[in-house]
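Here is what each chain is made of, one letter per residue.
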Amino acid sequence: MPEGNNINVLQSLDTWVSESEQMLAALVVLEQLVPVTGEGTVFFPPTFATPRGERQSSGYNIDENDNTSICLVDSVGSQANRMENAFMRPPLDDLVPQIVVNAGENHVNLLAAGHRIADAIVRFSELRPIVDERLAAYRQGNAVPLARLAPTSLLFGAWDSRETNIKIPRLIESVIRAFGVRKLTRSAQYTPAIDYRELGFSEEELSKDAASAMGLAHVPSTGTPGGVIAQEGIKRQTVLNLTALRNLAGGTHEESITLRRYMLGLALSALAVRDHNLRQGCLLTAVPGKPCQAELVYYDGRRENVEIGELFIRKYATAAAEEFGVDAGQVIEFKTDSLKKSLKDASAKNKKARGDGGD
């Protein structure tokens, strides 16, 4: 149990986690961002996969309405992954269990698994019986066992769509958008090192797709996405759902408060992550002179400015983790035979459903 000043630190935010505080909805944080090259300069948002059946790239995700345009710079899912990955390294790695799955030559930290506690790397491992028990406890209203194993699955959400169908809502979500976007295009030309016709290759041979893929032919590229300029700024908006946080419970009132304090410490730590090196050509920084704006939002519409320094967050998160008791990390083994059996059973079931064989 934490003592002295640590108790005072934890109690300072108890109104956020108490069942009696029904009017407090969320903590909302707004950050102003800018490309590392400065305001009004070009940066590169993500492009997205081509829809099935279409040949041309879908390009950037830009919505244009009412004489303005808004571009998605980093999605809720992508932001969650960046924040979660921060718990694998100092100074946040001591706040959560470090669970690693050995799968052949691969060593996968649970914090890097795409579906978190519901990921296949976990479902087909030695951990599965424990996961099943703790998901069952969560469904019965006790989130403490799951928080001891995989607290970030509670923090960023998970959906066990392939087994129990249990959905765990996110406590924290963040998204980065650019406003007043002007889209640019760019062109390029690849020129091979030599003219391969001099080596006896015909024009017909060099015009084939295979020759281009092997770098033997001239390849023009025109009108491809060339970045954007955010004429009305770039904003990161983060919401910590305090209502969902207060819905987390343990077996007793005391366990519930301890659990919520722990999850609040993790959420505030995630909120303070400032990794905006999003991708090639998209390195963002804070806007000088425009600090984060944090507001407590109430259900009656009231908004209250708050200041939460990173030093306080670290003290709170450390004290809350000490009070909750973070389980030791562990290394577990992937069960290849279990996966093979599951694949075989699924194949047989599909054949039976199609009426083309199977037992």
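Residues numbered from 1 in each chain as written. Predicted model: local features only at pLDDT ≥ 70, side-chain atom pairs only at ≥ 80, totals over all residues. Heavy atoms only, no water.

From N to C terminus, the protein includes 13 helices and 16 strands. Dimensions of the protein along its principal axes, counting C-alpha atoms only, are 80 × 65 × 35 Å. Expressed as a percentage of its 359 residues, the buried residues of the protein come to 41%. Contacts in the protein between residues at least 24 apart in sequence constitute 77% of all its contacts with a sequence separation of at least 6. Only carbon and sulfur atoms are counted for the fraction: they give 49% of the accessible area of the protein, which is about 19900 Å². (Helix = DSSP H or I, 4+ residues; strand = E, 2+ residues; numbered from the N terminus. Buried < 20%, exposed > 50% of the residue type's maximum accessible area, 1.4 Å probe, protein only. Contact = heavy atoms within 4.5 Å. Areas by Shrake-Rupley, 256 points an atom, 1.4 Å probe, with all protein chains shown as cover.)

Time to look at the sheet that holds strand β4 (residues 99-103). Reading across from one edge, β5-β4-β16 is the order of the 3 strands in this open sheet, with mixed pairing throughout. Every other strand in the sheet has two partners, leaving β5 (106-109) and β16 (330-333) as the edge strands with one partner each. For this sheet, the mean angle separating the axes of adjacent strands, direction not counted, is 25 degrees. As judged from the 4 bridges shared by β4 and β5, these two strands associate in the antiparallel manner. Note that in β5 the partner of A103 across the bridge is N106. (Pairing = 2+ DSSP bridges. Axes fitted to C-alpha atoms, helices over the stretch in contact; angles between N-to-C directions.)

Next up on the list: the confidence of the model for the protein. When pLDDT is averaged along the protein, the result is 91; 96% of the residues meet or exceed 70. Mean pLDDT in the protein bottoms out at helix α13 (residues 336-354), which sits at 80, and peaks at helix α7 (residues 151-156), which reaches 98. (pLDDT = per-residue confidence, 0-100.)

What follows deals with the packing of aromatic side chains. Within the structure shown, the criterion is met by 2 aromatic pairs. Residues Y262 and F324 carry aromatic rings whose centres are separated by 4.5 Å and whose planes lie at 5 degrees to one another, so their mutual orientation is stacked. Residue Y262 is found in helix α11 (residues 253-271), and its partner F324 is found in helix α12 (residues 310-324); the two are separated by 62 residues along the sequence. Classification of F324 by relative accessible area gives buried; the value is 5%. When the ring of F312 is compared with that of Y316, the centres are 6.1 Å apart and the planes differ by 35 degrees; the resulting orientation is tilted. Highlighted residues: F312 and Y316, both in helix α12, separated by 4 residues, approximately one helical turn. Accessibility expressed as a relative area gives 27% for F312, which makes it partly exposed. On the basis of relative accessibility, which here comes to 0%, the residue Y316 falls in the buried class. (Phe/Tyr/Trp six-rings, centres within 6.5 Å; stacked < 30°, edge-to-face > 60°.)

Attention shifts here to a nonpolar patch on the surface. Together, I194, L199 and F201 make up a nonpolar patch on the protein surface, roughly 280 Å² of accessible area in all. Among the residues examined, F201 registers a relative accessible area of 37% and is labelled partly exposed. (Patch = residues over 30% accessible without salt bridge, like charges linked within 9 Å, V, L, I, M, F, W, Y side chains within 5 Å. Salt bridge = Lys/Arg side-chain N within 4 Å of Asp/Glu carboxyl O.)

α12 packs onto α11 with a crossing angle of 145 degrees between their chain directions and a minimal axis gap of 8 Å. Judged by the twist between their axes, the crossing of α11 over α12 is left-handed. Judged by residue contacts, T258, L259, R261, Y262, L264, G265, L268 and S269 of α11 engage I313, Y316, A317, A320, A321, E323 and F324 from α12. Partitioning the contact of α11 with α12 into residue classes produces 10 nonpolar, 3 polar and 2 charged. (Left-handed = near helix turned anticlockwise from the far one by under 90°. Nonpolar A, V, L, I, M, F, W, Y, C, P; charged D, E, K, R; others polar.)

Further remarks concern α11. In this model α11 runs 27 Å from its N-terminal to its C-terminal C-alpha over 19 residues, within 8% of the 27 Å that 1.5 Å per residue would give. The buried fraction of α11 amounts to 16 of the 19 residues, a majority that puts the element mostly inside the structure. (Expected span 1.5 Å × (residues − 1).)

This part is about the environment of N142. With respect to the helices, strands and loops of the structure, N142 is situated in the loop between α5 (128-139) and α6 (144-149). Residues within four places of N142 in sequence aside, it is in contact with A137, A249, G250 and G251.

A few words on the side chain of D74. With respect to the secondary-structure elements, D74 resides in strand β3 (residues 68-74). With relative accessibility at 0%, the residue D74 sits in the buried group. Here S78 takes part through its side chain, which lies 2.9 Å from a polar atom of the side chain of D74. Within the local environment of D74, its side chain forms a polar contact with the side chain of R82, the two groups lying 2.7 Å apart. Contact partners of D74, with chain neighbours within four places excluded, come to Q79, R82, V175, I176, L278 and R279. (Polar contact = N/O pair within 3.5 Å; in protein donor to acceptor, adjacent residues only side chain to side chain.)

So, on to the nonpolar core. By size, the foremost hydrophobic cluster in this structure holds 73 residues, and its most contacted members are W16, L27, F87, I117, L155 and M263. Every residue in contact with M263, bar those within four places of it in the chain, is listed here: P151, L154, L155, L171, L245 and L248. Of all hydrophobic cores here, the second largest spans 14 residues; its members include V181, I234, C282 and L284. (Core = buried A, V, L, I, M, F, W, Y, C linked by side-chain atoms within 4.5 Å.)

Going through the model one piece at a time under the given rule, you end up with 16 salt bridges. Residue R279 is joined to D74 by a salt bridge in which the shortest nitrogen-to-oxygen separation is 2.9 Å. With R279 in strand β12 (residues 277-279) and D74 in strand β3, this pair connects stretches of sequence that are 205 residues apart. The shortest N-O distance in the salt bridge between D94 and R314 comes to 3.1 Å. Of this pair, D94 sits in the loop between α3 (76-85) and β4 while R314 sits in helix α12; the two residues are 220 residues apart in sequence, bridging distant segments of the chain. Beyond isolated ion pairs, a larger network of salt bridges with shared partners links R123, R128, D132 and E163.

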